[in-house]
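# Reading the structure
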Number of protein chains: 4
Amino acid sequence: MSTTADRSRRLGAKGNRTRQRILDAAETVFVELGYHDASIVKITEAAGVAQGTFYIYFAGKRELFEELVDDLNRRVRQAMTTASESGGSRLAAERAGFAAYFAFVAEHPGLYRIMRQAEFVAPRQLRQHYDRIVSGYTKRLRAAMDSGEIPPGEPELMAWALMGLGEMAGMRWVLWHDNEPVPDDVLAGTASVVARILGVQE
Amino acid sequence: MSTTADRSRRLGAKGNRTRQRILDAAETVFVELGYHDASIVKITEAAGVAQGTFYIYFAGKRELFEELVDDLNRRVRQAMTTASESGGSRLAAERAGFAAYFAFVAEHPGLYRIMRQAEFVAPRQLRQHYDRIVSGYTKRLRAAMDSGEIPPGEPELMAWALMGLGEMAGMRWVLWHDNEPVPDDVLAGTASVVARILGVQE
Amino acid sequence: MSTTADRSRRLGAKGNRTRQRILDAAETVFVELGYHDASIVKITEAAGVAQGTFYIYFAGKRELFEELVDDLNRRVRQAMTTASESGGSRLAAERAGFAAYFAFVAEHPGLYRIMRQAEFVAPRQLRQHYDRIVSGYTKRLRAAMDSGEIPPGEPELMAWALMGLGEMAGMRWVLWHDNEPVPDDVLAGTASVVARILGVQE
Amino acid sequence: MSTTADRSRRLGAKGNRTRQRILDAAETVFVELGYHDASIVKITEAAGVAQGTFYIYFAGKRELFEELVDDLNRRVRQAMTTASESGGSRLAAERAGFAAYFAFVAEHPGLYRIMRQAEFVAPRQLRQHYDRIVSGYTKRLRAAMDSGEIPPGEPELMAWALMGLGEMAGMRWVLWHDNEPVPDDVLAGTASVVARILGVQE
DNA sequence: AATGAATGAGAGTTCATTCAT
DNA sequence: TATGAATGAACTCTCATTCAT
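Along every chain, residues carry numbers that run from 1 in the direction the sequence is written. Written order determines the labels here, with chains lettered from A and ligands numbered from 1. Residues qualify for local features only when their pLDDT is at least 70, as the model is predicted, and side-chain atom pairs are given and counted only at 80 or more; totals for whole chains, interfaces and linings, by contrast, use all residues. Note that the side-chain values use all heavy atoms of the structure and ignore hydrogens as well as water.

Only DSSP runs of H or I reaching four residues or more are called helices, and only runs of E reaching two or more are called strands; each is numbered from the N terminus. Within chain A one finds 10 helices and zero strands. Listing each helix as α and each strand as β along chain A from the N terminus yields α-α-α-α-α-α-α-α-α-α. By its C-alpha atoms, chain A is 60 × 35 × 30 Å across when sized along the principal axes. Accessibility here uses a 1.4 Å probe with only protein chains present; expressed as a share of the type maximum, an area under 20% marks a residue as buried, one over 50% as exposed, and anything in between as partly exposed. Burial statistics for chain A: of 202 residues in total, 53% are counted as buried. Throughout, a residue-residue contact means that at least one pair of heavy atoms, one from each residue, lies within 4.5 Å. Relative to all contacts within chain A whose residues are 6 or more apart in sequence, the contacts with residues 24 or more apart total 70%.

All right, on to the interface of chain D and chain C then. On the side of chain C, 42 residues touch chain D, which itself brings 43 residues to the contact. Three residues, R116, F120 and R196 of chain D, lead the burial of chain D against chain C; their summed loss comes to 22% of the area buried on that side. A pairing counts as a salt bridge when a side-chain nitrogen of Lys or Arg comes within 4 Å of a carboxyl oxygen of Asp or Glu. The interface formed by chain D and chain C contains two salt bridges. The partner of E156 of chain D in a salt bridge is R172 of chain C, and the shortest N-O contact between them spans 3.5 Å. Residues adjacent in sequence count toward polar contacts only when both atoms are side-chain atoms; beyond that, a polar contact is any pair of N or O atoms within 3.5 Å, and within protein one must be able to donate a hydrogen and the other to accept it. Connecting chain D to chain C are five residue pairs in polar contact (both at pLDDT 80 or more). When residues of the side of chain D that touches chain C are traced back to their parent elements, those giving at least two are helix 2 (13–37), helix 7 (110–121), helix 8 (123–146), helix 9 (155–174) and helix 10 (184–198) of chain D. Ranked by residues supplied to the side of chain D that touches chain C, first place goes to helix 9 of chain D with 13 residues. Buried area: the accessible surface (1.4 Å probe) lost by two parts on joining, summed over both.

Here we take up the protein's contact with DNA strand E. Neighbouring residues of DNA strand E: 38 residues in total, closest I40 of chain A, T18 and Y57 of chain B together with T53 and Y57 of chain C. In the interface set of DNA strand E, defined as its atoms within 4 Å of the protein, sugar plus phosphate atoms amount to 64%. Between DNA strand E and T18 of chain B, the relevant distance is 2.6 Å, taken from a phosphate oxygen to a side-chain nitrogen or oxygen of the residue. In the environment of DNA strand E, a phosphate oxygen lies 2.7 Å from a nitrogen or oxygen atom belonging to the side chain of T53 of chain B. Among the secondary structure elements, those contributing two or more residues to the surface near DNA strand E are helix 4 (51–57) of chain A, helix 2 (13–37) and helix 4 (51–57) of chain B, helix 2 (13–37) and helix 4 (51–57) of chain C together with helix 4 (51–57) of chain D. Gly counts as polar in this scheme, as do all residues outside two lists: the nonpolar Ala, Val, Leu, Ile, Met, Phe, Trp, Tyr, Cys and Pro, and the charged Asp, Glu, Lys and Arg. In terms of residue class, the surface near DNA strand E is built from 17 nonpolar, 17 polar and four charged. Residue proximity to a molecule or strand is established when one non-hydrogen atom of the residue lies within 4 Å of it.

This part is about the interface of chain B and chain A. On the chain A side, the residues contacting the 43 residues of chain B number 41 residues. The contact between chain B and chain A buries some 3,700 Å² in all, and 67% of this surface belongs to carbon and sulfur atoms. A per-residue breakdown of the area chain B buries against chain A is headed by R116, F120 and R196 of chain B, which together make up 22% of the total. Here chain B is connected to chain A by two salt bridges. Considering each element in turn, the side of chain B that touches chain A owes the most residues, 13 residues, to helix 9 (residues 155–174) of chain B. Split into classes, the residues belonging to the side of chain B that touches chain A amount to 24 nonpolar, eight polar and 11 charged.

Let us now look at the domain arrangement of chain A. Accessible area lost upon the coming together of the parts serves often as the stated size of an interface. All names here are of chain A. Bear in mind that the domain bounds are from an automatic or database domain assignment. For chain A, the assigned domains are domain 1 (4–59) and domain 2 (64–198). Just the C-alpha atoms count here: the centres of domain 1 and domain 2 sit 29 Å apart. Taken together, the contacts link 13 residues of domain 1 with 11 residues of domain 2. When residues of domain 1 are sorted by the area they lose upon contact with domain 2, E27, V31 and Y35 head the list and together hold 47% of the total. The interface formed by domain 1 and domain 2 includes two salt bridges. Taken together, the links from domain 1 to domain 2 amount to three residue pairs in polar contact (both at pLDDT 80 or more). It is helix 2 (residues 13–37) that contributes the most residues to the side of domain 1 that touches domain 2, nine residues altogether. Here the side of domain 1 that touches domain 2 is built from residues that sort into eight nonpolar, three polar and two charged.

Turning our attention to the UniProt feature "DNA-binding region" (unreviewed entry) in chain A. Here the UniProt feature "DNA-binding region" (unreviewed entry) sits at residues 39–58 of chain A. Between the end C-alpha atoms of residues 39–58 of chain A there is a gap of 14 Å, over a span that is 75% helix and 0% strand. UniProt positions are given in the numbering used here, feature names are shortened, and annotations may be inferred rather than shown by experiment.

Before going further, it helps to spend a moment on helix 9 (residues 155–174) of chain C. The span you would expect from a helix comes to 1.5 Å times its residue count less one. End to end, helix 9 of chain C covers 27 Å across 20 residues, agreeing with the expected 28 Å (1.5 Å per residue, within 8%). Counting buried residues in helix 9 of chain C gives 19 out of 20 residues, a clear majority hidden from the surface.

Cavity and pocket criteria rest on a 1 Å grid covering protein atoms alone: a 1.4 Å probe that fits but cannot get out defines a cavity, protein on both sides within 12 Å along at least 5 of 7 lines defines an open pocket, and an atom within 4 Å of a point defines a lining residue. Grid points are joined across faces, edges and corners, and a volume is the space filled by probe spheres set on the points. For the structure on display, the rule yields five cavities of 30 Å³ or more. Volume-wise, the largest cavity comes out at about 50 Å³. Mapped by element, the contributors of at least two residues to the lining of the largest cavity are helix 7 (110–121) of chain A together with helix 7 (110–121) of chain B. The leading source of residues in the lining of the largest cavity is helix 7 of chain A, at four residues.

Only residues with pLDDT of at least 70 in both copies count here: their C-alpha atoms drive the least-squares fit that superposes the copies. Mapping chain B onto chain A calls for a rotation angle of 180 degrees and an axial translation of 0.0 Å; the resulting RMSD is 0.1 Å. Look at the turn and shift together and you get a two-fold axis relating the two. Among all residues of chain B, the minimum C-alpha distance to the rotation axis is found for G164 of chain B, at 1.9 Å. When the interface residues of chain B are mapped onto chain A, 95% of them again lie at the interface, so the same face is used by both copies.

Turning next to the UniProt feature "domain: HTH tetR-type" (unreviewed entry) in chain A. The UniProt feature table records "domain: HTH tetR-type" (unreviewed entry) at residues 16–76 of chain A. Along residues 16–76 of chain A, the helical share is 87% and the strand share 0%, with 23 Å between the first and last C-alpha atoms.

Taken together, 37 residues lie near DNA strand F, and T53 and Y57 of chain A, Q51 of chain B together with T18 and Y57 of chain D sit nearest. The share of sugar and phosphate among atoms of DNA strand F within 4 Å of the protein is 66%. Q51 of chain C is positioned such that a nitrogen or oxygen atom in its side chain is 2.8 Å from a base oxygen of DNA strand F. Between DNA strand F and K61 of chain C, the relevant distance is 2.8 Å, taken from a phosphate oxygen to a side-chain nitrogen or oxygen of the residue. Where the surface near DNA strand F is concerned, the elements lending two or more residues are helix 2 and helix 4 of chain A, helix 4 of chain B, helix 4 of chain C together with helix 2 and helix 4 of chain D. Tallied by class, residues from the surface near DNA strand F come to 17 nonpolar, 16 polar and four charged.

All names here are of chain A. Axis lines are fitted to C-alpha atoms, over the contacting stretch for helices. Their N-to-C directions set the angle, which ranges from 0 to 180 degrees. At their nearest, the axes of helix 2 and helix 3 (residues 40–47) sit 8 Å apart, and the two run at 145 degrees to each other. Pair helix 2 / helix 3 crosses with right-handed handedness. The residues of helix 3 that touch helix 2, namely those facing R21, I22, A25, A26, V29, F30, L33 and D37, are K42, I43, A46 and A47. A breakdown of the residues in the contact of helix 2 with helix 3 according to their chemical character gives nine nonpolar, no polar and three charged. By the definition used in this description, the sense in which the near helix is turned from the far one sets the handedness, with an anticlockwise turn below a right angle giving left-handed and a clockwise turn giving right-handed.

In structure tokens form, the structure reads like this:
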């Protein structure tokens, strides 16, 4: 009963490659079929390795899933931070962050599907996912209030409102539309609502 | 391969009672364990009937789940409509609706858990759930714009923003807090963000 | 645990009608689905009665099936006897019997299907079915030999050969051809083989 | 949902041995109990493997059965061909074939029982079974007619008559007699009827 | 004479995981 | 490092049958 971390120590180059192959295959299969219908057989088949090989690199199905959730969280936050750090006003930055978020969702539509599964399968990781994104939002909003760039308000609730808007709009216009990018007018509408939540004029 | 509807026709009083017992037990078990870990055995045990009895009333596990999702949707919309029809300004009404929504979530915290499961298990019902709530919002927002009660805006995006705020705040303050009612200051904060989304002063 | 016979005593007119309705429905369902896929639910549904009603008239599924096999045997033998008693030479009579047999099979194609099922479900009845038909054949063949109408031979084996020819031709040209009547040239060919088995010139 | 063929590719020596063990056990159990009463539990118990092991090698119960039917067909045809190719007249060859057929049935009495089940379970395979044997007969009969060895006739119907005789005699004297070999006088009688069907003097 | 409700054993099948090689 | 083979518990669902009304 060793952990996934144990098993990943001291991997040679070949081992690392195999590990990554499994990880990639798993993302594909989880996204397509959901956590429960994604069997180890299917994942290892997709990765082109034997079933036994899986357990050399991962402690189990759940642990693999948890790692995947954490990965996604890291990637989405990086995309958003990069975009919103490009300078400009708080509003411009937040809008850029939103656009990056939508772009990320459009490119990795599985994000939602995977996150929704996490409710029961990896609740700790799910909570962390939201917590991290929201606390990033909150920190930036609070700073903008302090600097007078946006009017005072409830930064945490505003942050959750932004999070919720992203989730819903992503679901509505990306997931429900065969993963096409969000149309421009919706993007504009979203920007307008973001402005209202921030309490600034467009 | 008869449908659930087929099986529910011509039920006597006793049959209807049994059906309801199963339905209630199923809600409890689904909420606690999630769709996949909720087995028919556990559900029928909780209902106090034999396994075979289940299939007298339902076509299968999935169908039962779908019915449950539809049920929840009906109940939550009724709670919201009742609350927001109590008169007053659009903002007051919408706030009342939100309060009702939170109250409902606090009383039936399983709502979220069940809905999140639906992404893979009953996607049609899930979509309908959001669609119906959002189209209610949208209609009311549009009417309020027409009457000049709230400034013009993108009613549909505003509706999704409200939906997202409800989802996130419900998750954050109800689900993550052992289903306690939402604290007053959060309720106030929410109301403030709702006002901003509607574009009105508090 | 009373027998089917017990249950059929002292039936009123209404009861007899219900019994017959079930019997007819059962034949249809057995023929279509085979013994095992024909459930009591389907049979009673087809008969338009409740499940419980079935057990007023029959001791069980197997017993019902056995009765059906016996029924079929009675009917097919009656059809053959009637046809072959119409006078003429032994060959003419036997040919008439064959024609009657084919006609019966074409009209009741389920005969085969049901009989094949009987191998495991009602072996005694199946054996009786063949025994009775063959012993009829044998008796008539022996009489024809004694009277010098056909040359001497092994009556019992000839009888089984006739039986086998009927079975195979029925399967090949009736069952495998959507229950169309046997085409004339096949009928002629059969008659020719029958003549050979009997040892007479055509 | 992979096929049996899929699962049998790339089997090592050990795997092939296990597969054969299951196949053998299945034949025994099917023959004894019939298709429906032969459960996977009983088959795997008889084979001495776990239930899950079954599905490593076979796509399902039906597929296993179909393979068994095809196997039997192959074996019986090989036995017949070998025997009837030993030279001599057409009649002598056909008699040898019959003897081989009876011997095979006596040695593998399950043949019948399994074939009869196939009517509903694997109709395609059943039809192929008969078709192949009969078309072998037909071809040989036609050749014998062309060479003048046997008088002209309807080769296909004669073939079905031979098939039917084999089936019935096999059932009557092998199956109904605890699988004893066919007694000599019956064998002689059969040979006599075969001669008649072929249209030759004994 | 008839019914609707209930039963529970047993069916076929899947799957995460282990292990000898 | 990788594999193929094996496991067995758990799953959803079916069905002949019984029984109170």
